[in-house]
Each structure stands twice: as structure tokens, then as C-alpha cells.
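Close look at the chain arrangement
This is what each chain is made of:
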Amino acid sequence: MNQIVVGLGERSYPIWIGERILSNVGSALDEVDFPLKVAVVTNPTVGDLYCEQLIDTLVASGRQVSVIRVPDGEEYKTLETLENIYDVLIERQFDRYCGIIALGGGGIGDLTGFAAATYLRGLPFVQIPTTLLSQVDSSVGGKTGVNHPQGKNLIGAFYQPKHVHIDVMALETLPKREYSSGMAEVVKYGIMRDLEFFTWLEAHREVLAGRSAEALAYAIKRSCQIKADVVEKDEKEQGLRALLNLGHTFGHAVETLAGYGVVKHGEAVAIGMVMAARASAGIGLCSDDDIERIVELLTYFDLPVTPPDYSVKEYLSVMQRDKKVKDGVVRVVLNHGIGTAELHQVEDLDKLLGELLT
Ligand code: NAD
Ligand code: GLY
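The rules behind the values
Residues numbered from 1 in each chain as written. Chains lettered and ligands numbered in written order. Predicted model: local features only at pLDDT ≥ 70, side-chain atom pairs only at ≥ 80, totals over all residues. Heavy atoms only, no water. Helix = DSSP H or I, 4+ residues; strand = E, 2+ residues; numbered from the N terminus. Rg over C-alpha atoms; globule rule 2.2 N^0.38 Å. Buried < 20%, exposed > 50% of the residue type's maximum accessible area, 1.4 Å probe, protein only. Contact = heavy atoms within 4.5 Å. Near = heavy atom within 4 Å. Polar contact = N/O pair within 3.5 Å; in protein donor to acceptor, adjacent residues only side chain to side chain. Nonpolar A, V, L, I, M, F, W, Y, C, P; charged D, E, K, R; others polar. Axes fitted to C-alpha atoms, helices over the stretch in contact; angles between N-to-C directions. Parallel < 35°, antiparallel > 145°, perpendicular 65-115°, else oblique. Left-handed = near helix turned anticlockwise from the far one by under 90°. 1 Å grid on protein atoms, 1.4 Å probe; cavity = no way out; pocket = protein on both sides within 12 Å on 5 of 7 lines; lining within 4 Å. Points joined across faces, edges and corners; volume = space filled by probe spheres on them.

**Observations regarding the overall build of the protein**
- For the protein, the count of helices and strands is 14 helices and twelve strands.
- In terms of overall dimensions, the protein is globule-like: its C-alpha atoms have a radius of gyration of 20 Å, near the 21 Å expected for 358 residues.
- Here the C-alpha coordinates of the protein stretch approximately 60 × 40 × 35 Å along the principal axes.
- Relative to its full complement of 358 residues, the protein shows a buried share of 56%.
- For the protein, the proportion of contacts with a sequence separation of at least 24, taken over those separated by at least 6, is 75%.

**Some details on the site of ligand 2**
- Around ligand 2, the surrounding shell consists of Asp137, Lys143, Lys227, Glu237, Arg241 and Leu244.
- Within the side chain of Lys143, an N or O atom sits 2.9 Å from an oxygen atom of ligand 2.
- Broken down by class, the residue content of the shell around ligand 2 amounts to one nonpolar, no polar and five charged.

**Examining the packing of helix H7 (residues 195–203) against helix H12 (residues 288–300)**
- Running from amino to carboxyl end, H7 crosses H12 at an angle of 45 degrees, the nearest separation of the two axes being 10 Å. Classified by the angle between their axes, H7 and H12 sit oblique to one another. Judged by the sense of rotation from one axis to the other, the crossing of H7 with H12 is left-handed. Taken together, the residues of H12 that come into contact with H7 (itself represented by Leu195, Phe198, Thr199, Leu201 and Glu202) are Arg293, Ile294 and Leu297.
- Each residue belonging to the contact of H7 with H12 can be placed in one class, and the counts come to five nonpolar, one polar and two charged.

**Description of empty space enclosed by the protein**
- Enumeration according to the criterion identifies one cavity of 30 Å³ or more in this entry.
- There is about 50 Å³ of room inside the largest cavity.
- For the largest cavity, the full set of lining residues is Leu22, Tyr50, Leu103, Ile128, Pro129, Thr130, Gln135, His165, Asp167, Met169 and Ala170.
- Sorting the residues of the lining of the largest cavity by element identifies strand E6 (125–129) and strand E9 (163–167) as the ones contributing at least two each.
- In terms of residue class, the lining of the largest cavity is built from seven nonpolar, three polar and one charged.

See below:
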């Protein structure tokens, strides 16, 4: 088992990463003095697979457990579902001395984290991420929230968990497309911050595609270390943390234009990262060889790399509504070769899009 600490002063917390460690959740919670009355928020898909095992370890550690099941799907990451969670917490008399546990992918993690941040002005919570994307990204760093009809994640809070518990074994049951989608975020860490890790991913792509637990544990650990390092330096995204959005500005446009759910988040990020790499090459920051390596690795993991065929005008209309647009100027993360990235202002977005979409 590996352990990483996200160092945020009194809000620091451990991340445990290992194979078949779901049965150790009880002891992990004891180590962080987590409350004895807990609610587990999950959905039927993940709940049917892992809730029984989780309840066993929680009960064995002396905990009283309530399970709250919410429907599966991004379309349920809403204020309405949140209200249903509050209703159950109130009905079951959850007070400030209780805790909340998220068991599921990023959708469940974001929703549960926001419920924990806001119910009684904040209850301690724990993330048990079960998708690759949530294990390497969304469970770490404290971004929580729900969607609004006008856009994704428009309502939320920064609220750090007390513990993150990553069992690689959960990935055995993850559908292939979800697995690939998470791999896009893993590749992202290599491109934005760690050439050595990117090279390691290239060398281990076969075992990773075969979901080797050992290779995955390393890839997840390295990804979490990089994310923890960035979050420690810039928790509230005033600067450095924005680099984690590599591929996301173009990616969000692809997601929005295609309609949520049609193109998965990681798939859109893969397309966005290739667009960013091409934009970088356009101003001499990365080579054709770098682009080729990025495209090859993403393609190996069955990720799309070509932007869907919408017009520049359509891309522009959605990108201008992006949270990363400031005073009409779009800030895009561009990679410098492989292993470094920086935020760049793009003044002439339609010209750039014209070049990238041909
Ligand atoms: P998801 O949570 O929707 O899960 C994808 C699907 O896999 C769901 O149907 C889920 O029930 C199922 N599933 C989960 N674990 C499984 C398992 N072990 N076996 C079988 N099926 C399983 O998708 P996701 O990609 O994990 O997360 C996407 C969400 O994360 C989005 O809402 C996005 O906005 C959010 N996100 C948040 C952050 C952050 O920093 N907070 C970062 C990136 C993404
Ligand atoms: N997923 C980007 C972040 O957590 O900042």
C-alpha cells in the first residue's frame, strides 16, 4: 500500500493507494478520527458492486452506517439530487458529529463533497473513488459541486476531504470507455509536468491497457503526487492549478457542442490536449515529434484525437462562455514540449481555431 499526504496545513489529508484495500477503510477512518455515524452516498451501479464490502469494514470499526443511493448519471449531479441528500441527512438526524463518505466516480464525489461542504456548514467527508478519472483527479484537491442547466460545475465549493481511499481493484469492473477516459487525465500529468512519467507511460502502455494492478498503482500514485503538489502550492486556482486544465478549454467546447455524455470528459480532454499541442507547435513551443508522441499514446488508449467537425463560429460561441475567459481574452494552457506547460493568453481565438480545425 502506498500513502501520499496532501499538505494543506490543518486541512492536510492522506491518500491511500493499493490493491484490495477497500476492506481497510475502517482503520483508515480511525487514523483520521472520522466520526462513528456516517452516511455513504453512492449510486446503484457502484453500490451493488462495492457497498456491502464497505459497510462490513465500517461496521467492524464500530460505525453506524446509513446508505444514500442517488441515480447514476451526470444529469443527476444537480441541486435537486443534493436536496434529496439533505432530506435524508435531516430525517436521519445527522449532526455536526457525523461524517459523509462518497463511494463512486467523479459525479458522486463532486455531489457528495458539496453536500458535505454545505450541510450544517460542513461535515467531514471521505472520498472512495472507483473510476480511474476520479482516482487520479477529482477525488484529490477539494473541488466539489453540482451542475446548473446553464453549465457544468457552476455551483460549488473548495472543500477538502479528510481521507482519500483508492482501491485499484475497483477498476476491474470499470467499463472500457470509462477506463480510457481516465487514462487521458493520467497522460495529461505527464504532458504538463513530468516527461519521465510520460516516457514511463509509453513504455508501460501494454500492461496499463491490460489493467495490471501494479502498473496502475504506480500510475495513480504518480498522478496523485503531481496533483497534490500543484494543489499544495495553489489550492484555490489563482495560478499554477490552472495548468491542470491542459486540454480542458478546447475539451469543454467539444463536450458542450457534442452534448454532455456523447463525448466523455476524458475523450474531450484528449482531443483538447492534441489541439493545445498543435497550438503550441504553431508558436514554436513544441515539436512535431512531441505531437506525434502525444497522439500515439492517446490513440493507444483508444482515445479520440481529432476535433469533431463543428465550425469555428460554433467553437467560438461556446468557448467565449468558458470560466477561463477573462475580459474576452481566452487563457489556454499550452505545453512546452512534453513535461512543462504554461498559461497563454489567446487574443485572436478565431484565427487559432481556424488553423486548428483545418
Ligand atoms: P462518473 O462518476 O459519471 O462514472 C462513470 C460511470 O462509471 C458511471 O456510470 C458510474 O456509475 C460507473 N462506475 C464508477 N465506478 C465504477 C466501477 N468501479 N465499476 C463499474 N462502474 C463504475 O464519471 P467520472 O469520469 O468518474 O467523473 C466525471 C465527473 O467528475 C464529472 O461530473 C466531472 O465534472 C467531475 N470531475 C471533477 C473534478 C474535480 O476536480 N472535482 C475533476 C474532473 C472531473
Ligand atoms: N481537475 C482540475 C482541478 O482539480 O483543478
